[in-house]
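# Fold and geometry: a report
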Amino acid sequence: QAQSDDNREKNDEYLLSESTYNVLAEINKQMQAGEYTRALNKLRSLEQDVSDDYAKAVVQQTFGYTYNGLQRYSQAAEAFINAVESDALPADVSHKLDYFIAQLLTQTENYERAVQYLDKWFADESDPNLDAYRLAAGVHYELNHYDRVIEYASTAINKSRQANENLYQLLLAAYFETKNYSRAASI
């Protein structure tokens, strides 16, 4: 009985009120229809009505998707960061958002913050994909972290099924920057 009460409490932690759920469903329909400005206005109104931490985090997450749809990437990243840092979302949702935040911050050339979220994502990811290694190599190159570029670009090349010229160029540049000319020559 105690165990089932604990599970029920945990599940209730991630429930939205019916009214909040209905408004978010309407907002999602507007976003799917490309009506991002209308969705944003409705979200701003909803934001004033929610009080529990989980609902606030879901609203922030939805702001992120809405801003992303409007190609307002800095605002999208900040909304996702607010959602993640609330610690109110399930761990798997926060984990996926960490990667999306890193992508958005990279797109807005905020590399220092991007690498923080990317490192956090890598630490919790059991099987990073090729694109993640490629992203990490590029971000670290922008920050002049050439040893990390070598690490991530090499892994990406090893994971890739076909040669990727951009990865080899990154790796070559990193070898030159670290004065590892014998490795550069082999590339």
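Quick note: structure is the one above.
Read on for a plain summary of the structure. (Residues numbered from 1 in each chain as written. Predicted model: local features only at pLDDT ≥ 70, side-chain atom pairs only at ≥ 80, totals over all residues. Heavy atoms only, no water.)

Across its full length, the protein chain holds 11 helices and zero strands. Seen in sequence order, the protein chain has helices and strands lined up from the N terminus as α-α-α-α-α-α-α-α-α-α-α. Its C-alpha atoms give the protein chain a radius of gyration of 20 Å, more than 25% over the compact-globule value 16 Å for 187 residues. At a minimum sequence separation of 6, the contacts of the protein chain that also span at least 24 residues come to 49%. Split by element, the accessible area of the protein chain, about 11,100 Å² in all, is 42% carbon and sulfur. On the protein chain, the mean spot of the 17 positive side-chain charges and the mean spot of the 29 negative ones are 5 Å from each other. (Helix = DSSP H or I, 4+ residues; strand = E, 2+ residues; numbered from the N terminus. Rg over C-alpha atoms; globule rule 2.2 N^0.38 Å. Contact = heavy atoms within 4.5 Å. Areas by Shrake-Rupley, 256 points an atom, 1.4 Å probe, with all protein chains shown as cover. Lys, Arg positive; Asp, Glu negative; His and termini not counted. Charge placed at Lys NZ, Arg CZ, Asp CG, Glu CD.)

Structurally, alanine 83 is set in helix H5 (residues 73-85). A C-alpha to C-alpha distance of 9.9 Å links alanine 83 and valine 93, two positions 10 residues apart in sequence. If we ignore the near neighbours within four places in the chain, the residues touching alanine 83 are Ala57, Gln60, Gln61, Leu89 and Leu97.

It is worth spelling out the packing of aromatic side chains at this point. Counted by the stated rule, this structure contains 12 aromatic pairs. Taken together, a centroid distance of 5.2 Å and an interplanar angle of 55° make the contact between phenylalanine 122 and tyrosine 133 tilted. You can see phenylalanine 122 sitting in helix H7 (residues 111-124) and its partner tyrosine 133 sitting in helix H8 (residues 130-142), a full 11 residues away along the chain. For the residue pair phenylalanine 122 and tyrosine 133, the accessibility class agrees, reading buried in each case. (Phe/Tyr/Trp six-rings, centres within 6.5 Å; stacked < 30°, edge-to-face > 60°. Buried < 20%, exposed > 50% of the residue type's maximum accessible area, 1.4 Å probe, protein only.)

Moving on, we get to the pattern of salt bridges. Applying the stated criterion across every chain yields a total of eight salt bridges. Taking the shortest distance from any N to any O, the salt bridge between glutamate 78 and arginine 113 comes out at 2.6 Å. Highlighted residues: glutamate 78 in helix H5 and arginine 113 in helix H7, separated in sequence by 35 residues. A relative accessible area of 33% places glutamate 78 in the partly exposed class. The shortest N-O distance in the salt bridge between glutamate 151 and arginine 148 comes to 3.5 Å. (Salt bridge = Lys/Arg side-chain N within 4 Å of Asp/Glu carboxyl O.)

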